Amino acid sequence: MSQHPRPSGDPLTRALGAGPPPGVASLPDDVRDRLADQLTRRRETLLAEGRAATDHALRHVPLPVRGLVRRTLS
Amino acid sequence: MSGTDDRARRLQVGRIARLLGVAPDDVTGLDGVPVEDLRTLHAQMTEALFGDARAGFAKIAGLTALLPTAVTALLAERFVPPEMAARVCEALPPEAGRDLVARLSVSYLAAVAVLLDPVRARPVVSAMTPDRVVEVTLVLFARGEHPVTADLVNAVSAEALAACLAAAEPYDVLAVAPYLEWGPALDAAVAGLPDDRAGALAAELTPAELADLAVSVGPERLAPVLAHLDETAYAAYAAHLPPPGQRRI
C-alpha cells in the first residue's frame, strides 16, 4: 500500500481535528474524502438534533431545579 | 488475514458506521486497515462528534453535589448522548464506572453498551454486577445485537457470564456462540449450565441448529445439552455434523 502525503488541507484531517492513524492516512484520496464527508454531515445532523433534544429535555426537568439546570448547561 | 482479525475488523467498521449513522456497506475501502488504526479512527471520530458534549457531562456531574444522584443520572441520560457516555465509561476507574452504570436505566445502558470499545471498556464492564449484565444482555438480544453482546460478555466476570448464559433463550445462545471468546470462564459457565436450561436448548433447537451450535462451540462442550437428547434425536443431530476435518473447532 503506497503512502499518501497528508497535506494540511486534507479534508479528513480537518474533519477529525487531528491527523488520522497511519493505516487510514495511507488510504486513497477518495476513501478519505468520503469518510470526511460522512463525518461532517453526521456532525451537522447531531448538532441540529442536540439543540432540539435539549429544548425538549429541559421541559421534563422538575420545575424547582429547571433554572439551575438551564444555568448549568448554558 | 486470520478469521479473528477479519471479524475484529468488521466489528470496528460496524462501530464506525454506527457512529456515522450510515449502513456498514456505506463505509468502504477500509479492508486493509489494521484493527488498532480503526479503533483509533473511531475514537477520533467520537471526539470530533461529541467532544463538545464532554464539557456538558462535566457540568452535569458537578450537579451531584447539589442534587440526589438519581436526579443527576436522569439528567445525564437526557443530556449526554450515549456515544459520549460510552467514551466516559471507558475512561472511568472501574469502581466509579460500576457506580455510574448502576444508576443508569437499562435502555440507556444498552444504548451505551452497543457503543463501548471492548478493549478500552473491559475494566468497567468486568466490574458490572451480574444482575446488571443480564439485564443489558437481554435487551441487546431482543434487538438482535448478538456480535456486540458477545463483545460485552467476553469482558464480564465469570459469575456474570454464567448468569447471562443461564438467562439467554436457546436461539440467542445459538446466535451469539460464534462470536464468543472461549476460555476457562466460558467453559465453566457452559459446564455449570443449569439442567433446565440445558434441557431447553436440547428441546427447542432443531438437530441442524444443535449441530451448528456444536460446530461453533465444539461438540465436547455441548455434552450437558446433548445428554438431554434421546437416541433418535441424537442420531438426527449427529447426522447434521460436518466431517471432523470440516469443522471450524
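Parameters at a glance
Residues numbered from 1 in each chain as written. Chains lettered and ligands numbered in written order. Predicted model: local features only at pLDDT ≥ 70, side-chain atom pairs only at ≥ 80, totals over all residues. Heavy atoms only, no water. Axes fitted to C-alpha atoms, helices over the stretch in contact; angles between N-to-C directions. Helix = DSSP H or I, 4+ residues; strand = E, 2+ residues; numbered from the N terminus. Parallel < 35°, antiparallel > 145°, perpendicular 65-115°, else oblique. Contact = heavy atoms within 4.5 Å. Nonpolar A, V, L, I, M, F, W, Y, C, P; charged D, E, K, R; others polar. Buried < 20%, exposed > 50% of the residue type's maximum accessible area, 1.4 Å probe, protein only. Arc of directions from axis to C-beta. Salt bridge = Lys/Arg side-chain N within 4 Å of Asp/Glu carboxyl O. Core = buried A, V, L, I, M, F, W, Y, C linked by side-chain atoms within 4.5 Å. pLDDT = per-residue confidence, 0-100.

**Some details on the packing of helix H6 (residues 106-115) of chain B against helix H8 (residues 130-142) of chain B**
Residue and element names in this part refer to chain B.
(1) Moving on: Between H6 and H8, the shortest axis-to-axis distance is 9 Å and the interhelical angle comes to 75°. On the basis of the axis angle, H6 is roughly perpendicular to H8. Two secondary-structure elements touch here, H6 through Val106, Leu109, Ala110, Ala113 and Val114 and H8 through Arg132, Glu135, Val136, Val139 and Leu140.
(2) Moving on: Across the contact of H6 with H8, the residue classes break down as eight nonpolar, no polar and two charged.

**Focus: the environment of valine 112 of chain B**
Residue and element names in this part refer to chain B.
(1) Moving on: Mapped onto the fold, valine 112 is located in helix H6.
(2) Moving on: Along the primary structure valine 112 and glutamate 83 are separated by 29 residues, whereas in three dimensions their C-alpha atoms are 6.5 Å apart.
(3) Moving on: Not counting residues within four places of it along the chain, the set of residues in contact with valine 112 comprises Pro82, Ala85, Ala86 and Cys89.

**Some remarks on the environment of proline 123 of chain B**
Residue and element names in this part refer to chain B.
(1) Moving on: Looking at the secondary structure, you find proline 123 in helix H7 (residues 122-126).
(2) Moving on: Judged by relative accessible area, which is 40%, proline 123 ranks as partly exposed.
(3) Moving on: For the pair proline 123 and proline 94, spaced 29 residues apart in sequence, the C-alpha to C-alpha distance is 5.5 Å.

**Thoughts on helix H12 (residues 184-191) of chain B**
Residue and element names in this part refer to chain B.
(1) Moving on: Among the residues of H12, those classed as buried are Leu186, Ala189 and Val190. Around the axis of H12, the buried residues are gathered within 95° of arc, so they sit on the same side. Away from the buried face of H12 by more than 90 degrees, exposed residues Pro184 and Ala191 are located.
(2) Moving on: Contacts made by the buried residues of H12 are with helix H10 (158-167) and helix H15 (223-226).

**With respect to the pattern of salt bridges**
(1) Moving on: Under the definition given, this model contains nine salt bridges over all chains.
(2) Moving on: Its salt-bridge partner being arginine 32 of chain A, residue aspartate 29 of chain A comes within 3.1 Å of it at the nearest N-O pair. In this pair, aspartate 29 of chain A and arginine 32 of chain A are both assigned in helix H3 (residues 29-58), three residues apart and thus about one turn of the helix distant.
(3) Moving on: As a salt-bridge pair, arginine 15 of chain B and aspartate 151 of chain B come within 2.6 Å of each other at their nearest N and O atoms. In this pair, arginine 15 of chain B is assigned in helix H1 (residues 3-20) and aspartate 151 of chain B in helix H9 (residues 146-155), connecting sequence segments 136 residues apart. As far as burial versus exposure is concerned, arginine 15 of chain B and aspartate 151 of chain B are alike and both buried.
(4) Moving on: Through salt bridges with shared partners, one network takes in Asp10, Asp29 and Arg32 of chain A.

**Focus on the nonpolar core**
(1) Moving on: Counting 58 residues, the largest nonpolar core has Val125, Val136, Leu213, Val225 and Tyr237 of chain B as its most contacted members.
(2) Moving on: It is H6 of chain B that provides the largest number of residues to this core, a total of seven residues.
(3) Moving on: The contact partners of leucine 213 of chain B, leaving out residues within four places of it in the chain, are Val173, Leu174, Ala177, Leu201, Leu205, Gly218 and Leu222 of chain B.
(4) Moving on: Counting residues in each nonpolar core, the second largest holds 24 residues, with Leu35 of chain A together with Ile16, Leu30 and Phe50 of chain B among its members.

**Side note on the confidence of the model for chain B**
(1) Moving on: With 82% of its residues at a pLDDT of at least 70, chain B reaches an overall mean of 82.
(2) Moving on: Here the complex is predicted with pTM 0.64, and the ipTM for its interfaces comes to 0.76.

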